[in-house]
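A closer look at the structure
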Amino acid sequence: MEEYRRELEVHCYRMLGSLHEAEDLVQETYLKAWRARDTFDGRSSVRTWLYRIATNTCLDALRARPRRALPIDLAPGEAEHWLEPIPDAVLEAARPEGALLAKERVELAFLAALQHLPPRQRAVLILRDVLDWSAAETASLLDMTVPAVNSALQRAKTRVPAPELEAATPADHEVARRYAEAFQRADIPAMISLLAEDVRTSMPPLRIWYRGRTAVEQALRESRASLGEVRFRGTSANHRPAIVAHIRPPGESTWQPWGVSVFSVTGGHITEMIAFHDPAVVDLFDREPA
């Protein structure tokens with residue numbers, strides 16, 4: 001069963017919006033599978049059986065906690081429960097040989113939209129549209145009828161964005177690298193030159209977000225100097241360029257995890273930056289599989 005762990009983690013990540021939670025629930029899935037091993041009758045594959053357990057474990061978890069969100073999507077007064085990025089190295093380790101990149105659907109906008117769906121409707125969309133399960137297979141896994149699955153799928157599709165079929169290019173990664181280098185040397189004009197006019201930025205766990213070059217420039221001028229030294233490593237998250245950053249504040253002798261920034265790039269300019277300032281998220285990327 002161990003060969004399915006990575007893909008189950010990605011499946012649970014889509015359901016939950018958190019790789020930390022996904023890892024815990026896959027561990028719970030394997031524990032449940034071990035305890036129920038005598039009930040496996042072989043009428044389905046081991047993979048299908050594990051997906052059934054994992055999906056239902058996720059559904060149970062979703063009933064007990066609020067949705068995950070990004071700052072721009074957080075309603076006034078809503079409890080903070082943040083969406084998390086996922087390293088592309090994890091996605092690649094989980095991808096079956098020959099699988100299409102476009103079918104993976106892990107862009108952050110898609111995951112944020114999923115959070116608005118009822119849990120069972122969310123599961124239907126993932127199983128049918130992402131994993132390519134048939135309506136009959138999905139109905140069997142979720143104990144639904146085929147018409148109910150088809151109806152849930154149509155309702156879900158009206159609330160999620162169209163897929164972004166193009167993966168990030170080397171040129172997109174180069175833009176992110178140049179931005180990170182400018183940030184490292186505190187070169188504000190160089191950073192601003194790489195931003196689209198209507199760029200949008202957010203920094204969970206801060207409940208704020210900025211739109212437009214002018215607003216972003218002001219925020220950078222107010223905050224960059226206090227960070228001290230910065231070092232970064234380029235990577236990928238959710239099929240977008242990303243930067244893992246550590247800082248050494250003025251007067252400090254040790255480096256500290258600072259954040260993981262995920263970039264959307266169009267036409268050579270950054271259109272969105274989401275900087276996840278959470279040491280636990282930095283740790284996910286510091287331990288990326290090779």
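Residues numbered from 1 in each chain as written. Predicted model: local features only at pLDDT ≥ 70, side-chain atom pairs only at ≥ 80, totals over all residues. Heavy atoms only, no water.

What to know about the sheet that holds strand β2 (residues 209-211)
- Spatially, the six strands line up as an open sheet ordered β2-β1-β6-β5-β4-β3, and their pairing is mixed. Across the chains shown, the open sheet's two edge strands, defined by having one partner strand only, are β2 and β3 (229-237). Here the average twist between neighbouring strands, direction ignored, is 20 degrees.
- Packing of helix α9 (residues 170-184) onto the sheet brings it into contact with β1 (195-202), β3, β4 (240-248), β5 (256-266) and β6 (269-276), and relative to β3 it is tilted by some 165 degrees.
- Here helix α11 (residues 213-223) sits on the sheet and contacts β1, β2 and β6; the angle it forms with β1, its principal contact strand, is near 55 degrees. (Pairing = 2+ DSSP bridges. Helix = DSSP H or I, 4+ residues; strand = E, 2+ residues; numbered from the N terminus. Axes fitted to C-alpha atoms, helices over the stretch in contact; angles between N-to-C directions. Contact = heavy atoms within 4.5 Å.)

Examining the nonpolar core
- L8, M15, L16, L108, L114, L125 and L142 are the most contacted members of the largest nonpolar core, which has 64 residues in total.
- Among the elements that line this core, the one with the most residues is helix α3 (residues 46-62), at nine residues.
- Beyond its immediate stretch of four places on either side in the chain, L125 contacts F110, L114, L117, V130, L153, A156, K157 and V160.
- Ranked by size, the runner-up nonpolar core spans 24 residues in total, among them V175, F183, M191 and V230. (Core = buried A, V, L, I, M, F, W, Y, C linked by side-chain atoms within 4.5 Å. Buried < 20%, exposed > 50% of the residue type's maximum accessible area, 1.4 Å probe, protein only.)

Notes on the pairing of β4
- Among the nine residues that make up β4, eight are buried, leaving the element largely enclosed by the rest of the structure.
- Summarising the sheet, β3 and β4 pair through nine bridges and their orientation is antiparallel. Paired with S236 across the bridge in β4 is P241.
- In textbook terms, the turn of a hairpin is the stretch between consecutive antiparallel strands, and for β3 and β4 this stretch comprises two residues, one of which, N238, has a positive phi near 50 degrees.

Focus: the side chain of T29
- Mapped onto the fold, T29 is located in helix α2 (residues 19-35).
- Look at T29 and you get buried, because its relative accessible area is 0%.
- Not counting chain neighbours up to four residues away, the residues in contact with T29 comprise L50, I53, A54 and T57.

Describing the packing of aromatic side chains
- Per the counting criterion, the structure on display carries three aromatic pairs.
- Relative to F263, the ring of Y179 has its centre 5.7 Å away and its plane inclined at 65 degrees; by these criteria the two rings are edge-to-face. Of this pair, Y179 sits in helix α9 while F263 is found in strand β5, placing the two residues 84 residues apart along the sequence.
- Seen from the ring of Y30, R5 lies directly overhead, with NZ or CZ sitting 4.5 Å from the centre.
- Looking at R105, its charged tip hangs above the ring of F110, at a distance of 3.9 Å from the centre. (Phe/Tyr/Trp six-rings, centres within 6.5 Å; stacked < 30°, edge-to-face > 60°. Lys NZ or Arg CZ within 6 Å of the ring centre and 35° of its normal.)

Here we look at helix α12 (residues 279-286)
- Buried within α12 we find V281, V282, L284 and F285. Each buried residue of α12 lies within a common arc of 150 degrees when the element is viewed along its axis, so the set occupies one face.
- Where α12 is buried, its residues contact α2, β3, β4, β5 and β6.
- Between the side-chain oxygen at the start of α12 and the backbone nitrogen of A280 there is a gap of 2.9 Å, and the oxygen is on D278. (Arc of directions from axis to C-beta. Polar contact = N/O pair within 3.5 Å; in protein donor to acceptor, adjacent residues only side chain to side chain.)

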